[in-house]
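Here is what each chain is made of, one letter per residue.
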Amino acid sequence: MDDVTTDQLVIRAGDPGDVAAVLSLLDGATRWLVARGRTGQWGSASHSGNPRRVAQVRRWATDGDLYLAERSGVPVGAIVVGDAVPHVPRATEPELYVNLLVTDRAHAGEGIGGRLLDHAEELAREQGLGLLRVDCYAGDDGALIRYYESQGFTATEPFTVQLVNRLWPGQLLERRLA
Ligand SMILES: CC(C)(COP(=O)(O)OP(=O)(O)OC[C@H]1O[C@@H](n2cnc3c(N)ncnc32)[C@H](O)[C@@H]1OP(=O)(O)O)[C@@H](O)C(=O)NCCC(=O)NCCS
């Protein structure tokens, strides 16, 4: 299912024409994080100025892994689903993995992230899968872990990623699909 419409929020499959919108959502979220001193998660540089990130978003958009949430035709959130990233423990059963989730900071508190996660769950169910996993930044006060727990995910394994000059702490979470 590519289009889900409920009270003005439309979730649709993304395409290469959405790359600029996704980068803009990511840049907005980074500015928001920086303003709160939360630079440990994504640093402070723009995503749109990072050629590797731009190429990654293009790939997601081209491969059919990207979904956009829109209000009145304006992108207000994005989610990317697919295979798990290599730096987390492998699942012991077939799964769908959330590779990216971001919402427009002007629409914070509207539950758009939750709607996108529910859409990912629906996609997983359509594929006959029983497991949805996601990972997130585990540093600072662990607020992002609490966000995913509030969305019905359970924390499983913590992990770390070696960046150029520091260790990036991550947390894997899962939502089991009954
Ligand atoms: C995570 C996200 C997609 C959730 O979207 P949403 O459903 O619209 O939810 P909100 O933006 O209202 O955020 C919910 C709560 O999580 C907190 N939160 C969200 N992202 C956070 C982050 N990266 N670090 C710390 N806290 C965060 C918010 O401050 C808010 O807390 P509150 O309820 O105490 O006000 C969205 O907040 C976002 O884009 N965050 C920045 C980018 C990000 O971290 N993406 C997830 C990467 S794993």
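Note: the structure precedes this text.
Source: prediction; values computed, not measured.

**Observations concerning the packing of helix α1 (residues 19–35) against helix α3 (residues 51–63)**
Next, step 1: Relative to each other, α1 and α3 sit at 130 degrees, their axes nearing to 10 Å. As the angle between them shows, α1 and α3 are arranged oblique. Judged by the twist between their axes, the crossing of α1 over α3 is right-handed. Contacts between α1 and α3 involve Val19, Val22 and Leu23 from the first element and Val54, Val57, Arg58 and Ala61 from the second.
Next, step 2: Along the lines of polarity and charge, the residues of the contact of α1 with α3 split into six nonpolar, no polar and one charged.

**Regarding the site of the ligand**
Next, step 1: Taken together, 18 residues lie near the ligand, and Thr103, Ala108, Gly113, Cys136 and Ala143 sit nearest.
Next, step 2: Put simply, the parts of the chain that give the shell around the ligand at least two residues each are α1, β5 (96–103), α4 (112–126) and α5 (143–150).

**What about the pairing of β5?**
Next, step 1: Here β5 lies mainly inside the structure; six of its eight residues are buried.
Next, step 2: Here strand β4 (residues 74–82) runs beside β5; their pairing, made up of six bridges, is antiparallel. Following the sheet pairing, Gly77 is matched in β5 by Thr103.
Next, step 3: Handedness of the β-α-β unit built from β5, α4 and strand β6 (residues 131–137) comes out right-handed.

**A closer look at α4**
Next, step 1: Compared with an ideal rise of 1.5 Å per residue, which puts 15 residues at 21 Å, α4 spans 21 Å between its outermost C-alpha atoms and is within 8% of the ideal.
Next, step 2: Residues of α4 that are buried: Ile112, Gly113, Leu116, Leu117, Ala120 and Ala124. Angular distribution of buried residues about the axis of α4 spans 140 degrees; they occupy a single face of the element.
Next, step 3: Buried positions along α4 lie against β2 (9–13), β3 (66–71), β4, β5 and β6.
Next, step 4: Of the residues trailing α4, Gly128 is marked for its positive phi of about 75 degrees.

Parameters and conventions
- Residues numbered from 1 in each chain as written.
- Predicted model: local features only at pLDDT ≥ 70, side-chain atom pairs only at ≥ 80, totals over all residues.
- Axes fitted to C-alpha atoms, helices over the stretch in contact; angles between N-to-C directions.
- Helix = DSSP H or I, 4+ residues; strand = E, 2+ residues; numbered from the N terminus.
- Parallel < 35°, antiparallel > 145°, perpendicular 65-115°, else oblique.
- Left-handed = near helix turned anticlockwise from the far one by under 90°.
- Contact = placed C-beta atoms within 7 Å.
- Nonpolar A, V, L, I, M, F, W, Y, C, P; charged D, E, K, R; others polar.
- Near = placed C-beta within 6 Å.
- Buried ≥ 20, exposed ≤ 12 C-beta atoms within 10 Å, placed from the backbone.
- Pairing = 2+ DSSP bridges.
- Right-handed = clockwise from strand over helix to strand, strands pointing away.
- Expected span 1.5 Å × (residues − 1).
- Arc of directions from axis to C-beta.

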